[in-house]
Each structure stands twice: as structure tokens, then as C-alpha cells.
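Architecture and fold: a report
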Amino acid sequence: MTDAAFELVGQRAVQEEKISAKKKWYQEKPVLSIGILSIILLGCLFAELLMTKDPTYMDLVNYNKAPDREFLFGTDTMGRDIFSMMWYGGRLSLLIGALSTIISTMIAIVVGALSGAAPQWLDSLIMRFTEIFLSIPSLLLVILLQAIMGNANVISLSVVIGLTSWTSIAKVVRTEVRQIRNSEYVIASRCMGGSFFHILWKHLAPNFISSIMFMVIMNVRNAIISESTLSFMGIGLPLEIISWGSMLSLSEKALMTGSWWIILIPGLFLVTTLLCLTNVGNYLRKNVNRKESNL
């Protein structure tokens, strides 16, 4: 009787432990951040379906008007509808973030892989250059390059931001490549005449792409911040080109006239987007670290 009771209790404890250890699919995942970010992305992509006014039309009769039924988010100092501008301008801000991240990621992968696969002297030379480049504040480099390129537009801002934000990813790629460059499949591909770019995209990239995904997401966030900062300083996109940054550049006039909605609403959209991107990036980083610790 005692042995049977003991075995029965042991079986129940194991079953309860398994049930309690089972987690639901949404636990420890940034579901709320992904949901909010998806709504913002869809709203910006299909802005024509949400806009109540022409975002570029300057209604001087209704300038600096507080939010009401006609103008849901109010109007700015030039009479433009802020609600329509938020969705319309979000396209450019997100486009700049995506384009600059693509440029910086491509540069980082090529430079990092070249450094990781190169001989020791060339690896040291490339890394010293990368560290010197990394030590210079990125905002100063962005301002310098943008001043050289002249008037700012979407393409020039994307190129400038992309050229100044590749160093951190390159160092991670270099570390990953040095760990797998002597693998059998890499050596076999090299012996069969595979070129550097063939080995990079076919054999090396699939092994380190998960390690840099969170940094790629964070680069999108940093690019949006850089664009907004430049526009706020008056050296970014001009006022006639609507973006979240150019909308925030009107904050000085808004403070002088007491038009709080001109600052608050674009600021909330921008901060919410940045927080969602940060949460998604942190989740990817923790997921990669968890996989590496399990190995």
C-alpha cells in the first residue's frame, strides 16, 4: 500500500510540473509592440484610406487650430491637417529608416566578412579603421556628409545615415566569420573555386544573420532618430516634404503660440514607433543569446 501510494504521488507531481512548465505561445514575446508597430506600418502604407484632408494643402484660414471633429489632430502653423500628415509623413520616415538600414547592413556584412576571412595583418588594419570610424560621433559625420552632398532629400539622407551606421554590425560579423571560416563546408567551397561573395552569401551569411538581426532592427530605429534630429536642427528634409522629423521642426513656433498638439502628437507617434522597435530588437537579442547558451 505504501509503495503504491508513493508511486501515485510521484506521478501526479511530475504531471503537475509538466503542466506548469508549459508556456503559452505569446509569453515572453513582444506581442503588444508587434501589434502597435503593425498598425502604424499598415496605416502609413495605406495612408490614402485614412487621410481626411490633403496633407500638403495649406488652409491658412484654419492655421494653429486645436483638435476638433473636422481636424482630428488639429492643424499646424501653415494650416495643414496633422492627422493626414502623420500617416503620409510616416511613409518617408520609415522609408529612410529602411533604406539606410539596407545600405549599412550590406556595407557591414561585406567589410566584416572580409576582415574575418582576411590574413591577420589585413584584419588588424580593417579593424583599426573601423574602431577609428566608430569613435567619431555618428551625428557629426551625418551632418558633415549631408553638408557635402548639399540639399537634403530622401535618398541623400538614407545614403548618409547608411554610410555612418555600419561599424557595430561589421564587428559582430567579423567575429562570427572568424569562428566558422575554417569549417569543412567553407574550405570545400573554397577548394572548388568558390568566390568570396559566393562563400559569403551561400555559407557564411546563413550562420551569422540571426546574430545581427536585432542590430538591424535597432539601426532602423537609429535612422529614424537621425532623420528627426536633422530635421529638428533645420538641416534635414525641407518643410514642404512631410515626415515626422519635418513636423517636429515646427516645435519652436508651436511653443511660442501655445499649440501643444503640433509637438505632442508627432512626438507620441515617433516615441511609440521607437519603443516598439526597441522591444522587438531586445527580444531578438535575448532569443539569440538563449540559443547560444543552450549550445
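See the structure printed just above.
In what follows, the accompanying structure is described.

Rules used in this analysis
Sequence order as written defines the numbering, with residues in each chain counted from 1. Side-chain atom pairs in this predicted model are given and counted only at pLDDT of 80 or more, local residue features only at pLDDT of at least 70, and totals for whole chains, interfaces and linings cover all residues. Note: side-chain values were computed over all heavy atoms of the structure, leaving out hydrogens and water. Secondary structure counts use DSSP, requiring at least four H or I residues in a row for a helix and at least two E residues in a row for a strand, with both numbered from the N terminus. Residue contacts are counted whenever heavy atoms from the two residues lie within 4.5 Å of one another. All accessibility values rest on the Shrake-Rupley procedure with a 1.4 Å probe; residue burial counts only the protein chains present in the view. Put simply, two rings from Phe, Tyr or Trp (the six-membered ring, in Trp's case) pair if the centres are within 6.5 Å, and we call them stacked under 30 degrees between planes, edge-to-face over 60, tilted for the rest. Exposure categories follow from relative accessible area, calculated using a 1.4 Å probe and restricted to protein chains: below 20% of the type maximum is buried, above 50% is exposed, and the middle band is partly exposed. In this analysis, the protein atoms alone were mapped onto a 1 Å grid. Cavities are point sets where a 1.4 Å probe fits without being able to get out; pockets are open sets with protein on both sides within 12 Å along at least five of seven lines; lining residues have an atom within 4 Å of a point. Grid points are joined across faces, edges and corners, and a volume is the space filled by probe spheres set on the points. Nonpolar residues are Ala, Val, Leu, Ile, Met, Phe, Trp, Tyr, Cys and Pro. Charged residues are Asp, Glu, Lys and Arg, and all others, Gly as well, are polar. The axes are straight lines fitted to the C-alpha atoms, using for helices just the contacting stretch, and the angles between their N-to-C directions are given from 0 to 180°. Identification of polar contacts relies on pairs of N or O atoms within 3.5 Å, with a donor-acceptor requirement for protein atoms, meaning one able to donate a hydrogen and the other able to accept it, and with residues adjacent in sequence counted only if both atoms are side-chain atoms. One less than the number of residues in a helix, times 1.5 Å, gives the span that helix is expected to have.

**A few points about the overall build of the protein**
When you go through the protein residue by residue, the secondary structure sums to 13 helices and zero strands. Pairs at least 24 residues apart make up 69% of the contacts formed inside the protein by residues separated by at least 6 positions. Per element, the accessible surface of the protein, about 16800 Å² overall, is 67% carbon and sulfur.

**Topic: the packing of aromatic side chains**
Aromatic ring pairs are described here by two measures, namely the spacing of the ring centres and the angle between the planes. Tallied over the full model, the rule gives ten aromatic pairs. When the centroid spacing of 6.3 Å and the interplanar angle of 80 degrees are considered together, the rings of F83 and W87 count as edge-to-face. Note that F83 and W87 are positioned in helix α4 (residues 82-117) at a spacing of four residues, about one turn of the helix. The pair formed by F83 and W87 is uniform in burial state, with each residue classed as buried. Three or more aromatic residues link up through ring pairs in this structure, and these residues are F73, F83, W87, W244 and F269.

**Concerning unusual backbone geometry**
Backbone geometry at N64 places phi at a positive 55 degrees, although glycine is not the residue there. Here N64 shows up in the loop between α3 (47-50) and α4. Residue N64 is classed as buried on the basis of its relative accessible area of 19%.

**Here we look at the layout of surface pockets**
In this model, the largest pocket occupies a volume close to 380 Å³. Lining the largest pocket are 23 residues; nearest its centre among them are S138, T164, S165, N219 and N222. For the lining of the largest pocket, the elements supplying multiple residues, two or more each, are α5 (120-135), α6 (138-149), α8 (167-180) and α10 (196-233). Counting residues per element, the lining of the largest pocket draws most heavily on α10, at nine residues. Classifying every residue of the lining of the largest pocket gives 14 nonpolar, nine polar and no charged.

**Notes on the packing of α4 against α5**
Packing of α4 against α5 leaves a shortest axis separation of 7 Å and a crossing angle of 145 degrees. Facing α4, whose interface residues are V111, L114, S115 and G116, α5 presents D123, I126 and M127. Partitioning the contact of α4 with α5 into residue classes produces four nonpolar, two polar and one charged.

**Focus: the side chain of T75**
With respect to the element layout, T75 can be found in the loop between α3 and α4. With a relative accessible area of 0%, T75 lands in the buried category. Within polar-contact distance, the side chain of T75 engages the backbone nitrogen of N64 at 3.2 Å. With near-sequence residues (within four places) excluded, T75 lies in contact with N62, Y63, N64, K65, R80, D81, I82, W261 and I262.

**Some points on α8**
For α8, which comprises 14 residues, the first-to-last C-alpha distance of 20 Å matches the rise-based estimate of 20 Å (1.5 Å per residue) to within 8%. Turning to α8, its buried residues are T167, I169, A170, V173, E176, V177 and I180.

**Thoughts on the environment of R221**
For R221, the position within the fold is in helix α10. We classify R221 as partly exposed; its relative accessible area is 21%. Note: C-alpha distance between R221 and T101 (120 residues apart in sequence) is 9.3 Å. When residues no more than four places from it in sequence are discounted, the contact partners of R221 are L274, L277 and T278. A polar side-chain atom of R221 sits 3.3 Å from a polar atom in the side chain of T278.

**Notes on the environment of L237**
With respect to the helices and strands, L237 occurs in the loop between α10 and α11 (244-248). Given the relative accessible area of 5%, L237 is considered buried. Once you skip the residues sitting within four places of it in the chain, L237 turns out to touch I96, A152, N153, V154, L157, E227, S231, S243 and S246.

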